[in-house]
Amino acid sequence: MQSHSPTTPFGRRSLTLAHVASQMVATERPPEKIVHKWKIFHAICTARPRLGVSERSLSVLNALLTFHPETALTGEDELIVFPSNHQLSRRAHGMPASTLRRHLAVLVDAGLIVRRDSPNGKRYARKDDAGEIELAFGFDLSPLVVRSEEFESLAADIEAEARALKLVRERITLCRRDIAKMIATGIEEGVPTRRAGQGPADWQEVHAAFRAMVAQIPRTATRQELEPIADELSQLADDVLNLLEAHIKSKNPSANESHSERHIQNSNTDAFTDLEPCLREGRAAGAEPKPQPSRVGEGTYPLGMVLSACPDIVDYAKGGISNWRDFFATAAVVRSSLGISPSAWEEAQTVLGEMQAAVVVACILQRGTAIRSAGGYLRGLTRKAEAGEFSLGPILMSQINTRLHEKRTA
């Protein structure tokens, strides 16, 4: 055992009170204490944000740990490792010497290791006649033993916070899905909405309130910021569910039976005519097909790309969106939720084409409250298309770029 440990760094490196404090901690190792070096390293990696060290600094700490021959770090053994910069650089995946020195300084400042410099600044060990290490100069790993409980506690706190954040995000996702589909069901089934002391309210108002709540969700948020939004969405989900349940209770058995028959009969018809009976009647009334105006050229866009640009539309799908037919049916539901009139929707389909009209509706939904009047916006695009001034590509690419930017800043 060495009788004296150097306390001051070699060369121009200065000594700080924090360094002295770290050295004091290193001398307080209980002899009986044993920690697993890789378990404590994992805890330090988890607690990294609280310790103020980077991933690359931890890669240097990982390399230092590999130079200690034992897996267990104890309070009795000497824990000084003394690799040269060349050896340490090789185990740190070829890190340049200047970068290596910088990250070693970070580890020392964070109190994870203690510097024990020799008189000439070299790292080495002196051995006695029996071959045992008598005096070593390098980096002392003792703080990892002394502070092991602190690191584990920090890691546990961070993991608990991460779990809580994940749970509240899952709660928001479930509420968004449930509310969107319940609103779509209310519109399709003609469920009346009533407020206390008032007459029937519009489903579009309920949908607008829902979209306003969704618009409040930050791209990067803490649990404390998300929990109030989750509570609001949960309350809205309960309110919408109560409307549906009240409507079911108010119907008599004969009405339920006739409704079921109508639902079975309509289940094999086109999704758009299911949502708008007036469109079905209008199409069936014409004995001769009307001459259709020439449509704007429909570019071919992969469905995956469209869903990546406009993921919110999936919340409104009854059984997910696996093909274009599912997408068209869901777009028709979203059209009703956004308050786009049947005439504006039919005109857009005629001029833009079924696919482009559905994609535009998905983009309108994704932009949320940024578009005040969805119907007016769609009519405006239809007018531009008739004048040959509309192209879906730039709109879709703009939405994709927005999503990519949000992911990068998240």
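Residues numbered from 1 in each chain as written. Predicted model: local features only at pLDDT ≥ 70, side-chain atom pairs only at ≥ 80, totals over all residues. Heavy atoms only, no water.

- Taking an unreviewed UniProt entry as the reference, the protein is identified by name as Replication initiation protein RepC belonging to Bradyrhizobium ottawaense.

### A few points about the overall build of the protein
Moving on, step 1. Looking only at helices and strands, the protein features 19 helices and eight strands.
Moving on, step 2. When burial is assessed residue by residue, the protein has 41% of its 410 residues classed as buried.
Moving on, step 3. Across the protein, every contact between residues at least 6 apart in sequence was considered, and the portion connecting residues at least 24 apart equals 73%.
Moving on, step 4. Surface exposure of the protein reaches about 22,400 Å², of which carbon and sulfur atoms provide 52%. (Helix = DSSP H or I, 4+ residues; strand = E, 2+ residues; numbered from the N terminus. Buried < 20%, exposed > 50% of the residue type's maximum accessible area, 1.4 Å probe, protein only. Contact = heavy atoms within 4.5 Å. Areas by Shrake-Rupley, 256 points an atom, 1.4 Å probe, with all protein chains shown as cover.)

### A word on the packing of aromatic side chains
Moving on, step 1. The tally for this structure, following the rule as stated, stands at four aromatic pairs.
Moving on, step 2. Arranged with centres 6.1 Å apart and planes meeting at 90 degrees, the rings of W38 and F41 form a pair that is edge-to-face. With a gap of three residues between them, W38 and F41 both fall in helix α2 (residues 37-46), about one helical turn apart.
Moving on, step 3. Assessed through its relative accessible area of 12%, F41 is described here as buried.
Moving on, step 4. An aromatic cluster is built from W324, F327 and F328, whose rings are joined through pairwise contacts. (Phe/Tyr/Trp six-rings, centres within 6.5 Å; stacked < 30°, edge-to-face > 60°.)

### Some thoughts on the side chain of Q366
Moving on, step 1. In this fold, Q366 is placed in helix α17 (residues 354-367).
Moving on, step 2. Taking relative accessible area as the criterion, Q366 reaches 10% and is therefore assigned buried.
Moving on, step 3. Residues contacting Q366, with those up to four places away along its chain left out, are A309, C310, P311, D312, Q399 and R403.

### Things to note about the nonpolar core
For soluble globular proteins, nonpolar side chains are generally found buried alongside one another.
Moving on, step 1. One finds F210, I313 and F327 to be the most contacted residues of the largest nonpolar core, which totals 64 residues.
Moving on, step 2. When residues in this core are grouped by element, the largest group, ten residues, is from α17.
Moving on, step 3. Not counting chain neighbours up to four residues away, the residues in contact with F327 comprise L303, V306, L307, I313, I321, A358, V359 and A362.
Moving on, step 4. M95, I113, L141 and V145 belong to the second-largest nonpolar core, a separate cluster that totals 34 residues. (Core = buried A, V, L, I, M, F, W, Y, C linked by side-chain atoms within 4.5 Å.)

### Describing helix α18 (residues 374-386)
Moving on, step 1. When the terminal C-alpha atoms of α18 are compared, their 19 Å separation across 13 residues agrees well with the 18 Å that a helix rising 1.5 Å per residue should span.
Moving on, step 2. Along α18, the residues classified as buried are A374, G375, L378, L381, T382 and A385. For α18, the arc enclosing every buried residue in end-on projection is 130 degrees, short of the 170-degree limit, so these residues lie on one face.
Moving on, step 3. One or two steps after α18, the chain reaches G388, where phi turns positive at roughly 75 degrees. (Expected span 1.5 Å × (residues − 1). Arc of directions from axis to C-beta.)

### Quick word on helix α8 (residues 148-189)
Moving on, step 1. Taking 1.5 Å as the rise per residue, α8 with 42 residues should run 62 Å; its terminal C-alpha atoms sit 61 Å apart, in good agreement.
Moving on, step 2. Just downstream of α8, G190 is the residue with a positive phi angle, here 65 degrees.

### Things to note about the confidence of the model for the protein
Moving on, step 1. Mean pLDDT over the protein stands at 78; residues scoring 70 or higher make up 78%.
Moving on, step 2. Averaged over each element, pLDDT in the protein is lowest for helix α12 (residues 271-275) (36) and highest for α2 (94).
Moving on, step 3. Within the model, the stretch residues 254-298 combines pLDDT values under 50 with 49 contacts to residues more than four positions away or in other chains. (pLDDT = per-residue confidence, 0-100.)

### Digging into the pattern of salt bridges
Moving on, step 1. For the structure shown, the criterion picks out 14 salt bridges.
Moving on, step 2. Two residues, E150 and R147, come together in a salt bridge whose shortest N-O distance is 2.8 Å.
Moving on, step 3. By relative accessible area, E150 is classed as partly exposed at 36%.
Moving on, step 4. Residue R147 is classed as buried on the basis of its relative accessible area, which comes to 16%.
Moving on, step 5. Across the pair E227 and R223 runs a salt bridge, and its minimum N-O distance is 3.1 Å. Note that E227 and R223 are positioned in helix α10 (residues 223-250) at a spacing of four residues, about one turn of the helix.
Moving on, step 6. The buried category is assigned to R223, whose relative accessible area is 18%.
Moving on, step 7. Put simply, R176, R211, D312 and D315 are held in one network by salt bridges that share partners. (Salt bridge = Lys/Arg side-chain N within 4 Å of Asp/Glu carboxyl O.)

### Description of the environment of E152
Moving on, step 1. Within the fold, E152 resides in helix α8.
Moving on, step 2. Counting along the chain gives 112 residues from E152 to I40, while the straight-line C-alpha distance between them is 7.3 Å.
Moving on, step 3. The contact partners of E152, leaving out residues within four places of it in the chain, are I40 and A43.

### Examining the packing of helix α16 (residues 342-352) against α18
Pairs of packed helices are described in terms of their axes, by the angle between the two and the distance that separates them.
Moving on, step 1. In contact at an axis separation of 10 Å, α16 and α18 are set at 30 degrees when each is read in the N-to-C sense. Judged by the inter-axis angle, α16 sits roughly parallel to α18. Crossing hand, α16 versus α18: left-handed. From α16, S343, A344, W345, E347, A348, V351 and L352 reach across to α18, where they touch L378, R379, T382, R383, A385 and E386.
Moving on, step 2. When grouped by side-chain class, the residues that make up the contact of α16 with α18 number seven nonpolar, two polar and four charged. (Axes fitted to C-alpha atoms, helices over the stretch in contact; angles between N-to-C directions. Parallel < 35°, antiparallel > 145°, perpendicular 65-115°, else oblique. Left-handed = near helix turned anticlockwise from the far one by under 90°. Nonpolar A, V, L, I, M, F, W, Y, C, P; charged D, E, K, R; others polar.)

### Comments concerning the pairing of strand β6 (residues 133-140)
Moving on, step 1. Where strand β3 (residues 80-81) and β6 come together, two bridges link them in antiparallel fashion. Within the sheet, the bridge partner assigned to V81 lies in β6 and is F139.
Moving on, step 2. Strand direction decides the pairing type here: strand β4 (residues 114-116) and β6, joined by three bridges, are antiparallel. By the bridge assignment, V114 is partnered in β6 with D140. (Pairing = 2+ DSSP bridges.)

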